[in-house]
Amino acid sequence: MKVLVVEDERRLGEFIQKSLTEQRHTATWVRTCGEASDALAETPYDAVVLDLTLPDGDGIDLLKSWRKSGFNEPVLILSARDTVEDRIKGLDVGADDYMPKPFSLEELLARMRSLLRRQSTQKQTVLEHSGIRLDLLGHTVQVNGKPIDLTSREYALLEIFMQNHGRVLPRTLITDKIWASSYDVDTNLLDVYMSRLRAKLESTSGKALFKTVRGVGYQFL
């Protein structure tokens, strides 16, 4: 399990990171909203432990922006705000669970396991966005009901974008997922595949589906 820990208090952040690592999880600890958003843009995570009072913003607003951009992985809020109203607000904006501080480490780990079990049973087998329907089991793609033939590489590209629509995906993240190593990929190869994928999808859709973010990567609109 790969977990992002967003906690501004150094001792607590290091403690949670160390505890998760000892449980054989991969834990990344960051202290601000900006660092958290950068971390999610660079690599996917299975779950997030989120504090609300952060130096550069409110965790509630951060969570809202994540959900709006299409991030659907489990988020557990861990906060000193422990009123019923605080918990309701956190859950209403998209948190999957809410634990007040101080907390039991054993309970935190148990709740994380529960969230991930629940998430694994709810994984979609069909992804749909902007008139595109991608069937993960049948390995088929339709645009506005019309079947589209994609190569295995084009299909893999589309799957990544369908799972992260609205997010700007860095080139290195895309190539690491499609090829064994981004270092072995010619700098123009990704652009070639993206051009082919765009042509096949947008010619049928009749609208722009992707945005090139110069110097960064691509965004599926």
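These numbers were taken from a predicted model, which means no experiment stands behind them. (Residues numbered from 1 in each chain as written. Predicted model: local features only at pLDDT ≥ 70, side-chain atom pairs only at ≥ 80, totals over all residues. Heavy atoms only, no water.)

Visitor: Can you help me understand a negative patch on the surface in this one?
Guide: On the surface, Glu 35, Asp 38, Glu 42 and Asp 56 cluster together into a negatively charged patch. Considering the arrangement of structural elements, one finds Glu 42 in helix 2 (residues 33–42). (Patch = residues over 30% accessible without salt bridge, like charges linked within 9 Å, V, L, I, M, F, W, Y side chains within 5 Å. Areas by Shrake-Rupley, 256 points an atom, 1.4 Å probe, with all protein chains shown as cover. Salt bridge = Lys/Arg side-chain N within 4 Å of Asp/Glu carboxyl O. Lys, Arg positive; Asp, Glu negative; His and termini not counted. Charge placed at Lys NZ, Arg CZ, Asp CG, Glu CD. Helix = DSSP H or I, 4+ residues; strand = E, 2+ residues; numbered from the N terminus.)

Visitor: Please explain the sheet that holds strand 10 (residues 140–143) as it appears in this structure.
Guide: Strand pairs in the sheet, formed through backbone hydrogen bonds, run parallel or antiparallel to each other. The 4 strands are arranged 8-9-10-11 in an open sheet whose pairing can be described as antiparallel. Of all strands in the sheet, those bounded by a partner on one side alone are strand 8 (126–129) and strand 11 (146–147). With 4 bridges connecting them, strand 8 and strand 9 (residues 132–135) associate as antiparallel partners. Opposite Glu 128, over in strand 9, you have Arg 133 as the bridge partner. On top of the sheet, helix 6 (residues 152–163) reaches strand 8, strand 9 and strand 10; it is set at about 110° to strand 9, its chief contact. (Pairing = 2+ DSSP bridges. Contact = heavy atoms within 4.5 Å. Axes fitted to C-alpha atoms, helices over the stretch in contact; angles between N-to-C directions.)

Visitor: Explain the nonpolar core here, please?
Guide: What tends to happen in soluble globular proteins is that the nonpolar side chains get buried as a cluster. By size, the foremost hydrophobic cluster in this structure holds 27 residues, and its most contacted members are Ile 132, Leu 157, Leu 158, Phe 161 and Leu 201. Sorting the residues of this core by element identifies strand 9, strand 10, helix 6, helix 7 (171–178), helix 8 (189–205) and strand 14 (217–220) as the ones contributing at least two each. Take this core: its biggest share by element is 6 residues, from helix 6. When sequence neighbours within four positions are dropped, the list of residues in contact with Ile 132 reads Leu 127, Val 141, Gln 142, Val 143, Leu 158, Met 162, Leu 201, Leu 209 and Phe 220. Counting residues in each nonpolar core, the second largest holds 22 residues, with Val 30, Leu 62, Val 75 and Ile 77 among its members. (Core = buried A, V, L, I, M, F, W, Y, C linked by side-chain atoms within 4.5 Å. Buried < 20%, exposed > 50% of the residue type's maximum accessible area, 1.4 Å probe, protein only.)

Visitor: Would you take a moment to explain the side chain of Asp 135 for this structure?
Guide: Positionally, Asp 135 belongs in strand 9. Buried within the structure, Asp 135 lacks any salt-bridge partner; its nearest side chain of opposite charge belongs to Arg 133, at an N-O separation of 4.2 Å. Once residues lying within four places of it in the same chain are set aside, the contact partners of Asp 135 are Thr 125, Val 126, Thr 140 and Tyr 155.

Visitor: Got a minute to help me understand the pairing of strand 9 in this structure?
Guide: Look at any regular strand and the pattern is simple: side chains alternate between the two faces of the sheet. In textbook terms, the turn of a hairpin is the stretch between consecutive antiparallel strands, and for strand 8 and strand 9 this stretch comprises 2 residues, one of which, Ser 130, has a positive phi near 50°. Note that strand 9 and strand 10 share 4 bridges and pair antiparallel. In the sheet register, Asp 135 faces strand 10, and the bridge partner there is Thr 140. What sits between the antiparallel neighbours strand 9 and strand 10 is a turn of 4 residues, in which His 139 has the positive phi angle 60°.

Visitor: How should the sheet that holds strand 2 (residues 26–30) be read in this particular structure?
Guide: Pairing within the open sheet is parallel, and its 5 strands lie in the order 2-1-3-6-7. Strands with a single pairing partner mark the edges of an open sheet, and in this sheet they are strand 2 and strand 7 (97–100). Averaged over all neighbouring strand pairs, the angle between strand axes comes to 20°, with direction disregarded. Sheet analysis places strand 1 (residues 2–6) next to strand 3 (residues 47–50), joined by 4 bridges and oriented parallel. By the bridge assignment for strand 3, Val 3 is matched with Ala 47. Lying over the sheet, helix 1 (residues 10–22) contacts strand 1, strand 2 and strand 6 (75–79), oriented at roughly 170° with respect to strand 2. With respect to the sheet, helix 2 is in contact with strand 1, strand 2 and strand 3, its orientation differing from that of strand 1 by roughly 165°.

Visitor: Even after reading the chapter, I still don't get the packing of helix 6 against helix 8, so can you show me in this structure?
Guide: The angle between the axes and the distance between the axes are what describe a pair of packed helices. In the contact formed by helix 6 and helix 8, the axes pass within 10 Å of each other and the chain directions differ by 80°. Here helix 8 runs roughly perpendicular to helix 6, going by the angle between their axes. Between helix 6 and helix 8, the contacting residues are Arg 153, Glu 154, Leu 157, Leu 158 and Phe 161 on the first element and Leu 190, Tyr 193, Met 194, Arg 196, Leu 197, Lys 200 and Leu 201 on the second. The class makeup of the residues in the contact of helix 6 with helix 8 is 8 nonpolar, no polar and 4 charged. (Parallel < 35°, antiparallel > 145°, perpendicular 65-115°, else oblique. Nonpolar A, V, L, I, M, F, W, Y, C, P; charged D, E, K, R; others polar.)

Visitor: What should I look at first to understand the environment of Gly 138 in this one?
Guide: In this fold, Gly 138 is placed in the loop between strand 9 and strand 10. The spatial distance from the C-alpha of Gly 138 to the C-alpha of Thr 125 is 9.0 Å, given a sequence separation of 13 residues.

Visitor: Sorry, what's going on with the side chain of Thr 175 here?
Guide: Looking at the element boundaries, Thr 175 is found in helix 7. A distance of 3.2 Å separates a polar atom in the side chain of Thr 175 from the backbone oxygen of Thr 172. (Polar contact = N/O pair within 3.5 Å; in protein donor to acceptor, adjacent residues only side chain to side chain.)

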